[in-house]
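# Commentary on secondary and tertiary structure
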Amino acid sequence: MSQMITVLGATGSIGKSTLDVLARHPDNYQVFALTANTQVDSMLQLCLVHRPQYAVMVDEKSAQQLAKKMADNGCAVEVLAGVDALCQVASAPEVDQVMAAIVGAAGLLPTLAAAKSGKRVLLANKEALVMSGQLFMEAIKENNAMLLPIDSEHNAIFQSLPVNFKEDINARKQVRNILLTASGGPFRGWDLQQLRNVTPAQAVKHPNWSMGQKISVDSASLMNKGLELIEACWLFEVQAKQIDILVHPESIIHSMVQYVDGSVMAQMGNPDMRTPIAYGLAWPQRMDSGVASLDFLTHSQLNFEAPDHSVFPALNLSRQAFEEGGTAAAILNAANEVAVAAFLREQIPFTAITDLIDAALNHCKFESADSIEVILAADASARRFVQGKITA
Ligand code: NAD
Ligand code: MG
């Protein structure tokens, strides 16, 4: 039977890769809803090709423009507007799976709505889990939802862990540690002096992956790996000390699990997000993703090195925030989002991103993160604090 899919963040890099995979299997999947923030023309094109039942634009004006263009093109897709509509199409009874691919904290409410209504949640939007870890994992469990990681590293770890790792104490004992790999980003090997003067154009130019702007900057600062460390702790119910971060510049191994007998299981493949997306959609089966076979002869060298913590403080800041618990990770995430946006507008230097996160973690009070209201309030207060520092 065909599965109904909502794609949150359809106009983004993950959204488009998801639609590419879905279009390869028209008999197995139907698109229920596509959502975006403001990108009207891109959404129109996607609707004309994929014919969802609903198109949601968060921005009201964009929704009006889209509705008019749909009518002009004779397209019968119903256009909705606003955050409530995002939550509606993520939780509608017709929907089986929700691809959570909105960037940043904006994805939290609709992704949580999908979890609360018992969907299969394909999680690309790591910020949602970083902000709300415990609350989110409880929502998954209490509502019999299923959470499958789409982030390539977490998808690799999921594939490499023993079956029933979380539930089976014996399976947990078999694992020595998780090796979370990082490409190192475009500034691998650079020193602090060099980092101070980098431009947004340099920061968004990732050596291996083609991604949205925010995650590209996060990859350059290693904040992406910091967020992924927290993401892995929640997803797999492990402590931060059970995860080692290993720089692997080629991004061919997507992460590994080391067992007590010395065996290391790695998941490998070309750096193309369609592989983890197809895995999540088809699990426990597998299906064609459109990704070419890995050619080992053109990747005859795989290299590894340790991250440079003196130049890239993001990893230690993230570890600290996770260990602190409560709203600390939501504060870290919000401070990063505001700082990255300011860096992209050329208001602050690259190295100020982690300085501002550090300042926010020192300034904002941590509380226990047991309700969505507390989490959103922590997010808002960190945003105000960092914005104040930037405009001061
Ligand atoms: P992107 O910038 O390309 O796309 C973001 C999408 O979110 C767009 O559809 C946009 O319309 C929507 N959006 C932006 N602001 C919004 C708002 N305020 N409200 C509602 N929708 C909004 O981003 P991306 O690279 O596709 O990344 C999406 C998520 O997936 C991020 O959380 C990222 O960390 C994660 N991720 C991405 C990759 C990748 O290869 N791109 C890999 C792993 C994880
Ligand atoms: Mg990743």
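Residues numbered from 1 in each chain as written. Chains lettered and ligands numbered in written order. Predicted model: local features only at pLDDT ≥ 70, side-chain atom pairs only at ≥ 80, totals over all residues. Heavy atoms only, no water.

Quick look at the overall build of the protein now. A tally of regular secondary structure across the protein gives 17 helices and 11 strands. Rg of the C-alpha trace for the protein: 20 Å, near the compact-globule value of 21 Å for 392 residues, within the 12% margin. In the protein, which comprises 392 residues, the proportion classed as buried is 55%. Across the protein, contacts joining residues at least 24 apart in sequence account for 69% of those joining residues at least 6 apart. Counting every atom, the protein has about 16,900 Å² of accessible surface; 50% of that belongs to carbon and sulfur. (Helix = DSSP H or I, 4+ residues; strand = E, 2+ residues; numbered from the N terminus. Rg over C-alpha atoms; globule rule 2.2 N^0.38 Å. Buried < 20%, exposed > 50% of the residue type's maximum accessible area, 1.4 Å probe, protein only. Contact = heavy atoms within 4.5 Å. Areas by Shrake-Rupley, 256 points an atom, 1.4 Å probe, with all protein chains shown as cover.)

A separate point is the site of ligand 1. Around ligand 1 sit 23 residues, and of these Thr-11, Ser-13, Ile-14, Glu-127 and Gly-212 come closest. In the environment of ligand 1, an oxygen atom lies 3.2 Å from a nitrogen or oxygen atom belonging to the backbone of Gly-12. Measuring from an oxygen atom of ligand 1, one finds a backbone N or O atom of Ala-124 at 3.5 Å. Expressed as a share of its isolated accessible area of 830 Å², the protein-covered part of ligand 1 is 87%. If you list the elements that add at least two residues to the shell around ligand 1, you get α1 (13-23) and α6 (126-142). Per-class residue counts for the shell around ligand 1 are 12 nonpolar, 8 polar and 3 charged. When we break the shell around ligand 1 down by domain, the ones giving at least three residues each are domain 1 (3-150) and domain 2 (157-391). (Near = heavy atom within 4 Å. Polar contact = N/O pair within 3.5 Å; in protein donor to acceptor, adjacent residues only side chain to side chain. Nonpolar A, V, L, I, M, F, W, Y, C, P; charged D, E, K, R; others polar. Domains from an automatic or database assignment.)

This next bit is on the sheet that holds strand β10 (residues 253-259). Across the sheet, which stays open at both edges, the 4 strands sit in the order β9-β8-β10-β11 with mixed pairing between neighbours. Edge positions in the open sheet fall to β9 (243-247) and β11 (264-268), since each of these has one partner strand only. Direction aside, neighbouring strands of the sheet carry axes that sit 20° apart on average. Where β10 lies against β11, 4 bridges are found, and the strand directions are antiparallel. When the sheet's bridge partners are listed, Met-256 is paired in β11 with Ala-266. Of the strands in this sheet, β8 (175-182), β10 and β11 touch helix α7 (residues 152-160), which is tilted by about 35° from β10. (Pairing = 2+ DSSP bridges. Axes fitted to C-alpha atoms, helices over the stretch in contact; angles between N-to-C directions.)

Right, let's talk about the pairing of strand β6 (residues 120-123) for a bit. Judged by which residues are buried, β6 turns out to be covered on both faces: Arg-120 and Leu-122 on one side and Val-121 and Leu-123 on the other are all buried. Pairing of strand β5 (residues 97-100) with β6, which is carried by 4 bridges, proceeds in the parallel orientation. When the sheet's bridge partners are listed, Met-99 is paired in β6 with Leu-122. Each parallel crossover has a hand, and for β5 linked through helix α5 (residues 108-116) to β6 it is right-handed. Across 4 bridges, β6 lies against strand β7 (residues 146-149) in parallel orientation. Across the sheet, residue Leu-123 finds its bridge partner in β7, namely Pro-149. This β-α-β element, β6 to α6 to β7, shows right-handed connectivity. (Right-handed = clockwise from strand over helix to strand, strands pointing away.)

Another point: the environment of Ile-230. Its location among the elements puts Ile-230 in helix α12 (residues 223-236). Residues Ile-230 and Ile-243 lie 13 residues apart in sequence; the distance between their C-alpha atoms is 9.9 Å. Among residues more than four places away in sequence, those in contact with Ile-230 are Val-130, Ser-318, Phe-322, Ala-329 and Leu-332.

We now examine the coordination of the magnesium ion (ligand 2). Distances from the magnesium ion (ligand 2) to its protein donors, namely Asp-151 (OD), Glu-153 (OE) and Glu-228 (OE), fall within the range 2.1 to 2.2 Å. In the primary sequence, the donor residues of the magnesium ion (ligand 2) line up as D-x1-E-x74-E. The exposure class of Glu-153 is buried, given its relative accessible area of 8%. (Donors = N, O, S within 2.8 Å, 3.2 Å for Na, K, Ca; no water.)

So, about the sheet that holds β6. Pairing in this open sheet of 7 strands is parallel, and the strands run β4-β3-β2-β1-β5-β6-β7 from one edge to the other. The outermost strands of the open sheet, each flanked by one partner alone, are β4 (78-81) and β7. Direction aside, neighbouring strands of the sheet carry axes that sit 20° apart on average. Here α1 sits on the sheet in contact with β1 (3-8), β2 (29-36) and β5, set at roughly 160° to β1. Helix α3 (residues 60-72) contacts β3 (54-57) and β4 of the sheet and is inclined by roughly 170° relative to β4.

Let us look at α5. Counting buried positions along α5 gives 7 out of 9 residues, so the element sits mostly inside the fold. Among all positions in α5, only Leu-108, Pro-110, Thr-111, Leu-112, Ala-113, Ala-114 and Ala-115 are buried. If you follow the buried residues of α5, they end up packed against β1, α4 (83-91), β5, β6, α6 and α17 (372-391). A positive backbone phi angle near 75° is found at Gly-118, which sits one or two residues after α5.

This part is about the packing of α6 against helix α15 (residues 328-344). Relative orientation of the contacting elements α6 and α15 amounts to 140°, with a least axis distance of 7 Å. By the criterion of interaxial angle, the relationship of α6 to α15 is oblique. Seen along the crossing, α6 lies across α15 with a hand that is left-handed. Contact residues: Glu-127, Val-130 and Met-131 in α6; Ala-329, Ala-330, Asn-333 and Glu-337 in α15. (Parallel < 35°, antiparallel > 145°, perpendicular 65-115°, else oblique. Left-handed = near helix turned anticlockwise from the far one by under 90°.)

On to the domain arrangement of the protein. Each assigned domain of the protein is listed with its residue range as follows: domain 1 (3-150) and domain 2 (157-391). Taking only C-alpha atoms into account, the centre of domain 1 sits 23 Å from that of domain 2. Taken together, the 38 residues of domain 1 in the interface contact 41 residues of domain 2. Between domain 1 and domain 2 lies a buried interface of about 3,200 Å² when both sides are counted; carbon and sulfur atoms form 71% of it. (Buried area = accessible area lost by both parts, 1.4 Å probe.)

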